[in-house]
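# A look at the structure
Spelled out, the chains give:
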Amino acid sequence: MAERLCFCSSFCLSPPFSAHPERPTAQSPGLPHLRPIGVADACYVSSSHLLELSSSHLFGRHKPRTQSSWGARASPGSSNSRVRSQAVLSPDKAAERGGLSGEAYYDAIVIGSGIGGLVAATQLAVKGARILVLEKYVIPGGSSGYYERDGYTFDVGSSVMFGFSDKGNLNLITQALAAVGCKMEVIPDPTTVHFHLPNDLSVQVHRGYGEFIGELISKFPHEKGGILKFYGECWKIFNALNSLELKSLEEPLYLFGQFFQKPIECLTLAYYLPQNAGDIARKYIKDPQLLSFIDAEVRQKGKRKKCFIVSTVNALQTPMINASMVLCDRHFGGINYPVGGVGGIAKSLAKGLVDKGSEILYRANVTDIIVENGKAVGVRLSGGRQFFAKTIISNATRWDTFGKLLKGENLPKEERDFQKRYVKAPSFLSIHMGVKAEVLPPETDCHHFVLEDSWSRLEEPYGSIFLSIPTVLDPSLAPEGRHILHIFTTSSIEDWEGLPRQEYEAKKEKVADEIIRRLEKKLFPGLQSSITFVEVLPSPSCTGAVHNRLKPKSSWNEVAFDSLGPNLLFRNH
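Cut-offs used in this document
Residues numbered from 1 in each chain as written. Predicted model: local features only at pLDDT ≥ 70, side-chain atom pairs only at ≥ 80, totals over all residues. Heavy atoms only, no water. UniProt positions renumbered as here; feature names shortened; annotations may be inferred. Helix = DSSP H or I, 4+ residues; strand = E, 2+ residues; numbered from the N terminus. Expected span 1.5 Å × (residues − 1). Contact = heavy atoms within 4.5 Å. Buried < 20%, exposed > 50% of the residue type's maximum accessible area, 1.4 Å probe, protein only. Disulfide = S-S within 2.5 Å. pLDDT = per-residue confidence, 0-100. Core = buried A, V, L, I, M, F, W, Y, C linked by side-chain atoms within 4.5 Å. Domains from an automatic or database assignment. Pairing = 2+ DSSP bridges. Axes fitted to C-alpha atoms, helices over the stretch in contact; angles between N-to-C directions.

Per an unreviewed UniProt entry, the protein carries the name prolycopene isomerase and comes from Punica granatum. Recorded under Catalytic activity (unreviewed entry), the UniProt text for the protein is reproduced unchanged: "7,7',9,9'-tetra-cis-lycopene = all-trans-lycopene".

So, about helix α16 (residues 501-522). Look at α16: 32 Å from first C-alpha to last across 22 residues, which is about the 32 Å you get at 1.5 Å a residue. Its buried side turned inward, α16 meets β20 (427-436), β21 (447-450), β22 (465-468), β23 (482-491), α17 (527-530) and β24 (531-537).

Our focus in this paragraph is unusual backbone geometry. Trans is the common state for peptide bonds, and a negative phi is the common state for residues other than glycine. Positive phi values are uncommon outside glycine, yet D150 reaches one of about 50°. Relative to the elements of secondary structure, D150 occurs in the loop between β6 (146-149) and β7 (152-155). In this structure, R363 takes a positive phi of about 55° despite not being glycine. Residue position: R363 is located in the loop between β15 (359-362) and β16 (366-372). A residue is classified by how much of its surface remains accessible, and R363, at 44% relative accessible area, is partly exposed.

Before going further, it helps to spend a moment on the state of the cysteines. Overall, the coordinates contain zero disulfides when judged by the stated rule. Here C328 is not cross-linked by a disulfide; its sulfur's nearest cysteine counterpart is in C234, at 5.1 Å.

Let us now look at the environment of M320. Tracing the backbone through its elements, the reader meets M320 in helix α12 (residues 320-334). With 39 residues separating them along the chain, M320 and A281 place their C-alpha atoms 9.7 Å apart. Here M320 is in contact with F230, E233, C234, I237, Y272, Q275, N276, A277 and I280, once residues within four sequence places are set aside.

Predicted confidence across the protein gives a mean pLDDT of 75, with 70% of residues reaching 70 or more. When mean pLDDT is taken per element in the protein, helix α5 (residues 209-219) scores highest with 97 and strand β25 (residues 569-571) scores lowest with 28. Taken together, the stretch residues 81-103 has pLDDT below 50 and engages in 55 contacts with residues farther than four places along the chain or on a different chain. The low-confidence segment residues 300-317 (pLDDT under 50) makes 72 contacts with residues lying over four places distant or belonging to another chain.

Let's shift gears to the nonpolar core. Membership of the largest hydrophobic core comes to 52 residues, with the highest contact counts inside it found for F195, L216, F230, Y231, F293 and F449. Those elements that place two or more of their residues in this core are β9 (191-197), β10 (201-206), α5, α6 (224-242), α8 (263-272), α9 (277-284), α10 (288-297) and α12. Ranked by the residues each element gives to this core, the list is headed by α6, at nine residues. Built from parts of two domains, this core gets at least three residues from each of domain 2 (208-334) and domain 3 (426-543).

A few words now on the sheet that holds β23. Strand order in this open sheet of seven strands is β10-β9-β21-β22-β23-β20-β24, and the pairing throughout is mixed. Only two strands of the sheet have a single partner each, and these edge strands are β10 and β24. Neighbouring strand axes in the sheet, compared pairwise and without regard to direction, differ in orientation by 15° on average. Judged from the three bridges that link them, β9 and β21 form a sheet pairing that is parallel. Bridge pairing in β21 links H194 to H448. Sitting on the sheet, α10 is in contact with β9, β10 and β21, with an inclination near 130° to β9.

Next up, the structure:
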């Protein structure tokens, strides 16, 4: 297998290796072959599919170079921290460990320890591959990471967790953990999300499908037939997906084999592949308020769509297949929150990785992918140290991978085509708060979506608010008598770039105050006075900013420096 570069999306669980390494592929001159694996159009938690590999796909094709030519080229004074298989995974302890062994040639190097990178690494490690994961922060997880402050354990990103059930083929997180011998205790969420919408429309998406449909029909009795037909089509697609082993949606021969085993299901998916959820909803439903509710989950306006609840990102196309996976799995497998917080997923995968004999190096900031004769052969860290492997896997964003790590290289055609079809989505502002428990009414749901005044505000910056209260499910995340409120709202980086520090801080405080005021008015009277702790944070793609502290705000405990940045993808026609 030729040394090459593979792209592993943070939103997929596919280890990015071709099952047919000898098949020729077209390449642009001067750039290592890059095959984008499972770059998710889907708004689905950190995953699309799992790929089973045989060790023959990794080994036997190349003889490793000698230590003299492949050895680690370390710069003096490097302070990177390495976790070995015999070590107990502890990011704090890991950060104190210095030095590396002389062994520096790996079967694969993974850049970044987001969920996509960790699953790629663990799926290979359990097959016997020797993997090195390079993470520039001191904890694993990326947007599925965590941080602790003043007795609170905060999820960096979303707490709406799909793929954590014990049944079907779409429980991808459960499968990924099981591969390394891990199983996490989870808490079922009885309500996926509680919508608070214009015209006082309130809808709870209950875990039970019948209960949810019953509530929706009670709000729109004249649309009963349309509701049943639309969600019925969603279930048709979901059942087809759930009948297949979703090891890869990228390998033609694998899909060809699946077709012969499940032809009806594959034809069903092929039929719906070019269709979007908004158009299908409008085939059956006419009530504009009901369509707006569906658009709050899968947003369409002309050719513009959004999927706010699952990814909080703009999308110019939401395929019906992706929407069906989300709209049905919340009832089939349900939303399940991991005890101790979402960060436990990455910690468990990282521990499983090192237990299999592979390694994680923290505080390892990759600045370059090393290319020799048009092939990706290694990586270079900011301190000058270099590591080499048969295969390089990037779990960084596409823009960082091509724009920073492969600077100066020509883009392959498939990446040029991708960049014509997709643009960066706006970032979002994230606010973490600790509040007194008594401010929350009894039976408060864990997740809320708030759009108070007008449906037109759904696409405006700061127009809609997504709120997560994980302590409703797991009180251990906060001190006794306290709750966590994690707030997301869309925000454009252009609104913040170039501002002087004083103006930047004032604007950040103003935006946070306004968001809190809106929640106080709509949901929680007395919220402002109940706050005991608050931080304003960047999008999960900028996790490291939580470690950069500025002076406390006078009326609150602490405000973090936030560096808003583009995070996800949406399609541009």
